[in-house]
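Summary of structural features
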Amino acid sequence: MLIYYVALIGSVGLLFLSNLFAAQRHFSNILTYIVPLPMAIVAGVRNLTIGTDVLVYGNVNFYSAGQFSNLIDYIKFVRTLNGVEIGYSVLNFVVSRFSDSTNVFLFVLNYFTVMFVILALRKIKNYKYEILGLIIYFGFFWGDSLNAMRQSLAAAIVLLAVANIIFTEDVSYKRPVLLILFASLFHQTALFALVLILIWFLIKKYKTSFLTLVLFAFVIGSLMLVLVASPQRMMPMFEALPFLSKYYSIFQSSGATYLTSGGGMAVSTILERNAFILVLMILSVISKRTNFVEVPTLELLSVATILDFVFLSVGVYSGLFARLGLYFSMVRVLSTGYFISRLGNVMTKFVLYIFVVFISLYVFYLVTHSGSGQIYPYVSDILNDYSIF
């Protein structure tokens, strides 16, 4: 377990240094691209038994990539093997040109995953909240990147798309939409994140009120509960939406059990681990420190937080919707610092900051130690000489 925290400390230290030398732009940029290395190295040198999806498709897909000399032939083969997305297949194929080691591929994959998160955090332009965002990502999401590898990369790219919306002045919709489309090349469900672009469009173009968007979020939640209660009603949705086509085939082969089985968290667990972001959102919304120029950002981050809880709640009954909700959950990496920045005096912000750091590290320990995703205990034959880990 210690090695995970060592990796976090290393990346946090590098992120701090990249901000410290911000005046030296080129050096700062170099440091920014080095930030993911500690976490990516830990992900890369692990044994291939760490992370359930490594055994499901990670190892076999990379090994197969090395057996092909033609990318198109490999993609066609993968389509019949397990149907993983084309972007993930291309990455496998490219890395296999340079190495036949699955560990090298796992390193590259995790590097890009964390790098997209870092690029999103750098949009904040406040080192305190960039570091907080990285700690939140580590606590709630990085462990999953050792298991749900494709979707974790897709979610990181979606996070960058959201950062481009809220932290970039006069941004067009083209870049975030293209980023989400790019993310879908690694996991088709990333297309669901286009909902966030739609919400931003409604806020900016039509000045849609916050209460209307909240009502919209709860309507979505109600519809999902109806679908979970009657799985047969899901079938037309699976057929109509390309990014859910995989679940259509699973439904046909496995029936409704997969789609209606719980996501693994009871309501009490959801509140224990996630209530802090909801409380921060509420405090930020009712705060008198309202700059109307910032209202669109506040609205989007608040609605994303509400959608996060809607999907977590429905996820109690359906693992499918729990996974779709990841794209809203990841937004907390950006929103937590934003909410805190709007609240109270320096001491209040400091106390909230420390509390969020604590809860993030606590959640990582709790989830990882429970055996979730099979990433604990950490095993690495490459590092077995270093018994401290």
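Please refer to the structure higher up on the page.
The structure displayed is predicted, hence computed values, not measured ones.

Rules used throughout
Residues numbered from 1 in each chain as written. Predicted model: local features only at pLDDT ≥ 70, side-chain atom pairs only at ≥ 80, totals over all residues. Heavy atoms only, no water. Core = buried A, V, L, I, M, F, W, Y, C linked by side-chain atoms within 4.5 Å. Buried < 20%, exposed > 50% of the residue type's maximum accessible area, 1.4 Å probe, protein only. Helix = DSSP H or I, 4+ residues; strand = E, 2+ residues; numbered from the N terminus. Contact = heavy atoms within 4.5 Å. Axes fitted to C-alpha atoms, helices over the stretch in contact; angles between N-to-C directions. Parallel < 35°, antiparallel > 145°, perpendicular 65-115°, else oblique. Nonpolar A, V, L, I, M, F, W, Y, C, P; charged D, E, K, R; others polar. Salt bridge = Lys/Arg side-chain N within 4 Å of Asp/Glu carboxyl O.

**Regarding the nonpolar core**
Among the nonpolar cores identified, the biggest contains 123 residues, and Y4, Y137, W142 and L334 are the most heavily contacted of them. At 14 residues, helix α9 (residues 149-166) tops the list of elements feeding residues into this core. In this structure, Y137 is in contact with M39, T113, V114, V117, W142, S145, M330 and V333, ignoring residues within four places of it in sequence.

**What about the packing of helix α1 (residues 2-20) against helix α3 (residues 37-44)?**
Where α1 contacts α3, the axes come no closer than 7 Å and their chain directions differ by 155°. One finds that α1 runs roughly antiparallel with respect to α3. Facing I3, Y4, A7, L8, G10, S11 and L14 of α1, the residues of α3 in contact are P38, M39 and V42. Considering only residue class, the contact of α1 with α3 consists of eight nonpolar, two polar and no charged.

**Quick word on the pattern of salt bridges**
As enumerated under the stated definition, the model contains three salt bridges in all. For the salt bridge of E85 with R150, the shortest nitrogen-to-oxygen distance reads 2.8 Å. Of this pair, E85 sits in the loop between α5 (71-81) and α6 (86-96) while R150 sits in helix α9, and the two are 65 residues apart along the sequence. Relative accessible area serves as the criterion here: at 8%, E85 is assigned to the buried category. Of the charged contacts in the structure, one is a salt bridge between D308 and R332, with a shortest N-O distance of 2.6 Å. Here D308 is found in helix α17 (residues 295-314), whereas its partner R332 is found in helix α20 (residues 332-341), with 24 residues between them in sequence.

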